[in-house]
Amino acid sequence: MVMAVDGIEIRDSRDRGILEAVDVVDSVDSVEASEVPGASGSGEVVGHIDYFTLDDPEAALVPVHTEVSSAHEGKGIAGALAAELYAVAARDGVAVAPLCPYVVKWAARHPEQAPAASEKLMRAARDEVRTDPRGAVLGLLHTSPVHVPVFDGLRDAGHPELELLHHVVEELLARARREGTEAVVPAVRAALVRVAGSGGGGAGGDRVGAVLCTCSTIGGVAEALGADLGVPVVRVDRPMAAAAVAAGSRVVVLATVASTVGPTSALVEEEARRAGRDVSVRAVVVEGAWDRFEAGDSAGYAEGVARAVREVRDADVIVLAQASMAAAEALVPEVRVPVLSSPRPGLAAAAALASR
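Residues numbered from 1 in each chain as written. Predicted model: local features only at pLDDT ≥ 70, side-chain atom pairs only at ≥ 80, totals over all residues. Heavy atoms only, no water.

Engineer: Please provide a residue-by-residue account of helix α12 (residues 343-354), values included.
Structural biologist: The end-to-end C-alpha distance of α12 is 16 Å, a good match for the 16 Å that 12 residues give at a rise of 1.5 Å each. Extensive coverage of α12 is indicated by the burial of nine of its 12 residues. Considered for burial, the residues of α12 that qualify are Pro-343, Pro-345, Gly-346, Leu-347, Ala-348, Ala-350, Ala-351, Ala-352 and Ala-354. (Helix = DSSP H or I, 4+ residues; strand = E, 2+ residues; numbered from the N terminus. Expected span 1.5 Å × (residues − 1). Buried < 20%, exposed > 50% of the residue type's maximum accessible area, 1.4 Å probe, protein only.)

Shown next, in the form of structure tokens:
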């Protein structure tokens, strides 16, 4: 265990293939962790690097993904994780073959700490990712086809080792809006079974390592049904909700369909209880925005959401409840409180599960 950033402890779990950054100060109500017996080991995980090991052509650690929670970005945690990964490898006398885009960039900036891997080792690492069937595939359940290119782009940028299998069932959201989420439980179960058993062309259902439900309205239903599925089911907005709770006590949830308000607000409150924090959740439905979405006016939809973000007052953090709202995040750089969307952290969480 290494204290690499003030209040952040980095821990290596070789059997799980993960290097974690843990906020040990937050876990003891901002008292110095070193002054509290047993403080280490009880903190919130605020960042991680996923990696696997190679034995041939030489022993190596192969990082495939780096993630830092939104509430802790800009604190040097990702760099501290990368530095410690190379330090762990040096102590163990093994190489590092980076496939994670962030670690590749960090290594290029710190050649004195990050010895370059041989091309032979890099080829072996890439071949292992391509041929290893363990968790190489993530199934996605969408209720709109517009999410497919969004998640493909996020995969290409941050998880190039991951294969995505998309399934779009638009009727699930339409019916949930009309009749409530309980009415779609059997249909969601059937859709999840199809996603988890999908594959073909050599993928095979047994290769789907996890399923990501990208619809916030039915995400809770999908997550609850996951226990019987045989593979983990991740609701796309759970990591975002956890980040919102960490960011502050006054949470404003923006939604463009009313059916999302209840599930997302309840999720934030659940994450607050899990973290032992008191939060107030206020929900706002952005009137008229969904009509633009259904008309195919993506730019108008995003700008309508951005306008609503700018109008929020008395908030520590703003949550964009639906994955479809994510484009608005880039339109409000002037907003001084965190504005959180779900696709990027949701995909990262599901990718971590699918790769184990």
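Engineer: Go over the packing of aromatic side chains with me, naming the residues and quoting the values.
Structural biologist: Scanning the entire structure with this criterion turns up four aromatic pairs. With a centroid separation of 6.2 Å and an interplanar angle of 75°, the aromatic rings of Trp-290 and Tyr-301 are classed as edge-to-face. A residue pair is termed long-range when its members are at least 10 positions apart, and Trp-290 in helix α10 (residues 289-294) and Tyr-301 in helix α11 (residues 298-311) qualify at 11 residues. By relative accessible area, Trp-290 is classed as buried at 11%. With a centroid separation of 5.0 Å and 55° between ring planes, the pair formed by Phe-293 and Tyr-301 is classed as tilted. Judged by relative accessible area, which is 2%, Tyr-301 ranks as buried. Among the aromatic residues, those joined into a cluster by ring pairs are Trp-290, Phe-293 and Tyr-301. (Phe/Tyr/Trp six-rings, centres within 6.5 Å; stacked < 30°, edge-to-face > 60°.)

Engineer: Got a sec to walk through the pattern of salt bridges? Specific residues and values, please.
Structural biologist: Pairing between side chains of opposite charge can happen when the charged atoms of each approach one another. Throughout the structure, instances matching the rule amount to 23 salt bridges. The salt bridge partner of Glu-9 is Arg-11, with a shortest N-O separation of 2.6 Å. Take Glu-9 and Arg-11: they sit in the same class, and that class is buried. Within the structure, one salt-bridge network assembled from shared partners comprises Glu-223, Arg-238, Glu-270, Glu-271 and Arg-274. (Salt bridge = Lys/Arg side-chain N within 4 Å of Asp/Glu carboxyl O.)

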